Amino acid sequence: QVQLVESGGGLVQPGGSLRLSCAASGSISSIINMGWFRQAPGKQRELVAIVPTSGNTVYQGSVKGRFTISRDNAKNAVYLQMIGLKPEDTAVYSCSAVILAIGSRDPRQYWGQGTQVTVSS
């Protein structure tokens, strides 16, 4: 069993900052990548940023220069530092990871429960 637990969402004024955290736990053999997605009301879920264990970090264009994703491999954790937040960043942010579980043949994608980020004055 693999779980992703997030923390750090909340209400912030435009221009403010938030830091999201996500930790994976359970029967983990290896982590292929970790990232963040978001879904605003009435919209499809979209990729925010993803950081593979090997390879280049990818950001959605609208968050480049404002959001920074990072990983702590020793803690199986991923973080999203968000600055210069805008009302259009309001969404439920979900952590996701592609993980090979112990005893499994193939990796699969796991999701956290989601955390609300609201940017409003």
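Residues numbered from 1 in each chain as written. Predicted model: local features only at pLDDT ≥ 70, side-chain atom pairs only at ≥ 80, totals over all residues. Heavy atoms only, no water.

Trainee: Teacher, can you tell me more about the overall build of the protein here?
Mentor: Scanning the protein from N- to C-terminus turns up zero helices and 11 strands. Along the three orthogonal principal directions, the C-alpha set of the protein runs to about 50 × 25 × 25 Å. Here the protein holds 121 residues, and 41% of them are scored as buried. Long-range contacts, defined as pairs at least 24 residues apart, comprise 56% of the intrachain contacts of the protein with a sequence gap of at least 6. Taken as a whole, the protein presents about 6,500 Å² of accessible surface, with 48% of it coming from carbon and sulfur. In the protein, which carries 11 positive and 6 negative side-chain charges, the distance between the mean positions of the two groups comes to 2 Å. (Helix = DSSP H or I, 4+ residues; strand = E, 2+ residues; numbered from the N terminus. Buried < 20%, exposed > 50% of the residue type's maximum accessible area, 1.4 Å probe, protein only. Contact = heavy atoms within 4.5 Å. Areas by Shrake-Rupley, 256 points an atom, 1.4 Å probe, with all protein chains shown as cover. Lys, Arg positive; Asp, Glu negative; His and termini not counted. Charge placed at Lys NZ, Arg CZ, Asp CG, Glu CD.)

Trainee: Please clarify how the nonpolar core should be interpreted in this entry.
Mentor: Nonpolar side chains tend to gather and get buried jointly when the protein is soluble and globular. Judged by nonpolar contacts, the single largest core of 31 residues is most densely connected at Trp36, Leu80, Met82, Tyr93 and Ile99. Counting residues per element, the ones that place at least two in this core are strand E1 (2-7), strand E3 (18-26), strand E4 (28-39), strand E5 (46-52), strand E7 (67-72), strand E8 (77-82), strand E9 (91-101) and strand E11 (115-119). If one sorts the elements of this core by residue count, E9 sits on top with six residues. Beyond its immediate stretch of four places on either side in the chain, Leu80 contacts Leu18, Arg19, Leu20, Trp36, Val48, Ala49, Phe67, Thr68, Ile69 and Tyr93. (Core = buried A, V, L, I, M, F, W, Y, C linked by side-chain atoms within 4.5 Å.)

Trainee: Where do I start with the pairing of E8 in this structure?
Mentor: Of all six residues that make up E8, five are buried, and the element is covered over most of its length. When E3 meets E8, the two strands line up antiparallel, connected through six bridges. Bridge pairing in E8 places Cys22 opposite Val78. Sheet topology note: the E7/E8 ladder contains six bridges and is antiparallel. Across the sheet, the residue bridging to Phe67 is Met82, located in E8. (Pairing = 2+ DSSP bridges.)

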